[in-house]
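# Secondary and tertiary structure notes
One-letter residues, chain by chain:
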Amino acid sequence: MKQELMERLSAITEEERRILTGDKQVQRELYTSSSEFTVDSAKMMDKGRLIDIRTHTRFIPFPEHRHNYIEIMYMCSGTTTHIINRETRLVLGKGELLFLNQFASHEILEAGKEDICINFFILPQFFDEVLPMIQRENVLSDFVVDTLRKNNN
């Protein structure tokens, strides 16, 4: 990746600054309004958007949670370790993607300074336009169709 982009993605966010100064708890109110930890697209995305991005929060473990959207994580550098559905441990390395539908749960172990991951948030409605363009019988289209039509993690 271009150095300029990596510098921008590596910048310490306000949330990360708070963590580095001693607040070692995820501020759930930034992510959800519900008692169960379901990250809410309304808190993560501007109104009217179907897709958005942000970097993954580093320096603290991110507790088990679900999403009410589809999440795609892309590792720009370093690694992140995920525990998916309380049983599958997965290390995501540089250049790799992780696709999670809204029915899967996962937790993410603490990421360090050089562990730069981009989260893509995609509302299921986005695929209303895209689905007709996807040809069947491939892994990506199978994932998309299963994600939108089945409560399957």
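A brief structural summary.

### Quick notes on the overall build of the chain
- A count of helices and strands for the chain gives five helices and nine strands.
- Here the chain, with 153 residues, has 42% of them falling under the buried criterion.
- Of the contacts made within the chain by residues no fewer than 6 positions apart, 69% connect residues no fewer than 24 positions apart.
- Only carbon and sulfur atoms are counted for the fraction: they give 50% of the accessible area of the chain, which is about 9,300 Å².

### Description of the sheet that holds strand β4 (residues 70-77)
- With antiparallel pairing, four strands are arranged side by side in an open sheet as β2-β9-β4-β7. Both edges of this open sheet fall to β2 (51-55) and β7 (97-100), since each of them pairs with a single strand only. Direction aside, the axes of adjacent strands within the sheet are offset by 20 degrees on average.
- As paired strands, β2 and strand β9 (residues 116-122) are joined by five bridges and run antiparallel to one another.

### Focus: the nonpolar core
- With 22 residues, the main nonpolar core has Tyr 31 and Met 44 as its most contacted residues.
- Elements that contribute at least two residues to this core include exactly β4, β7 and β9.
- Setting aside chain neighbours within four positions, we find Tyr 31 in contact with Glu 15, Val 26, Phe 37, Thr 38, Val 39, Asp 40, Lys 43, Met 44, Arg 54, Thr 57 and Phe 62.
- Counting residues in each nonpolar core, the second largest holds five residues, with Met 6, Leu 9, Cys 76 and Ile 116 among its members.

### Let's talk about the sheet that holds strand β3 (residues 62-67)
- On the basis of which strands lie adjacent, the open sheet formed by five strands has the order β1-β3-β8-β5-β6 and mixed pairing. Edge positions in the sheet fall to β1 (38-39) and β6 (88-93), since each of these pairs with one other strand and no more.
- Across two bridges, β1 lies against β3 in parallel orientation. Pairing of Val 39 across the sheet is with His 67, part of β3.

### Regarding the environment of Thr 88
- Note on placement: Thr 88 falls in strand β6.
- The contacts of Thr 88, once residues within four sequence positions are left out, are His 82 and Ile 83.

### Considering the pattern of salt bridges
- Tallied over the entire structure, the rule returns five salt bridges.
- Among the salt bridges present, the one from Glu 15 reaches Arg 54, with a minimum N-O distance of 3.0 Å. Residue Glu 15 is found in helix α2 (residues 14-20), and its partner Arg 54 is found in strand β2; the two are separated by 39 residues along the sequence.
- Overall, the relative accessible area of 11% leaves Glu 15 in the buried class.

### Brief notes about the side chain of His 65
- Looking at the element boundaries, His 65 is found in strand β3.
- Of the residues examined, His 65 reaches a relative accessible area of 5% and is grouped as buried.
- From its side chain, His 65 meets the backbone oxygen of Pro 63 in a polar contact 2.8 Å long.
- Of the polar contacts made by the side chain of His 65, one reaches the side chain of His 67; its length is 3.2 Å.
- Sequence-distant contacts of His 65, that is, excluding residues within four places in its chain, are made with Phe 37, Val 39, Ala 104, Ser 105, His 106 and Ile 108.

### A word on the packing of aromatic side chains
- According to the stated counting rule, one finds four aromatic pairs in the structure shown.
- By way of ring pairs, the aromatic residues Tyr 31, Phe 37 and Phe 62 are connected into one cluster.
- Above the face of the Phe 37 ring, Arg 28 is positioned so that its terminal group lies 4.5 Å from the ring centre.

Thresholds, definitions, all that
- Residues numbered from 1 in each chain as written.
- Predicted model: local features only at pLDDT ≥ 70, side-chain atom pairs only at ≥ 80, totals over all residues.
- Heavy atoms only, no water.
- Helix = DSSP H or I, 4+ residues; strand = E, 2+ residues; numbered from the N terminus.
- Buried < 20%, exposed > 50% of the residue type's maximum accessible area, 1.4 Å probe, protein only.
- Contact = heavy atoms within 4.5 Å.
- Areas by Shrake-Rupley, 256 points an atom, 1.4 Å probe, with all protein chains shown as cover.
- Pairing = 2+ DSSP bridges.
- Axes fitted to C-alpha atoms, helices over the stretch in contact; angles between N-to-C directions.
- Core = buried A, V, L, I, M, F, W, Y, C linked by side-chain atoms within 4.5 Å.
- Salt bridge = Lys/Arg side-chain N within 4 Å of Asp/Glu carboxyl O.
- Polar contact = N/O pair within 3.5 Å; in protein donor to acceptor, adjacent residues only side chain to side chain.
- Phe/Tyr/Trp six-rings, centres within 6.5 Å; stacked < 30°, edge-to-face > 60°.
- Lys NZ or Arg CZ within 6 Å of the ring centre and 35° of its normal.

So, to be careful, I would describe these as geometric facts and stop short of saying anything about function.
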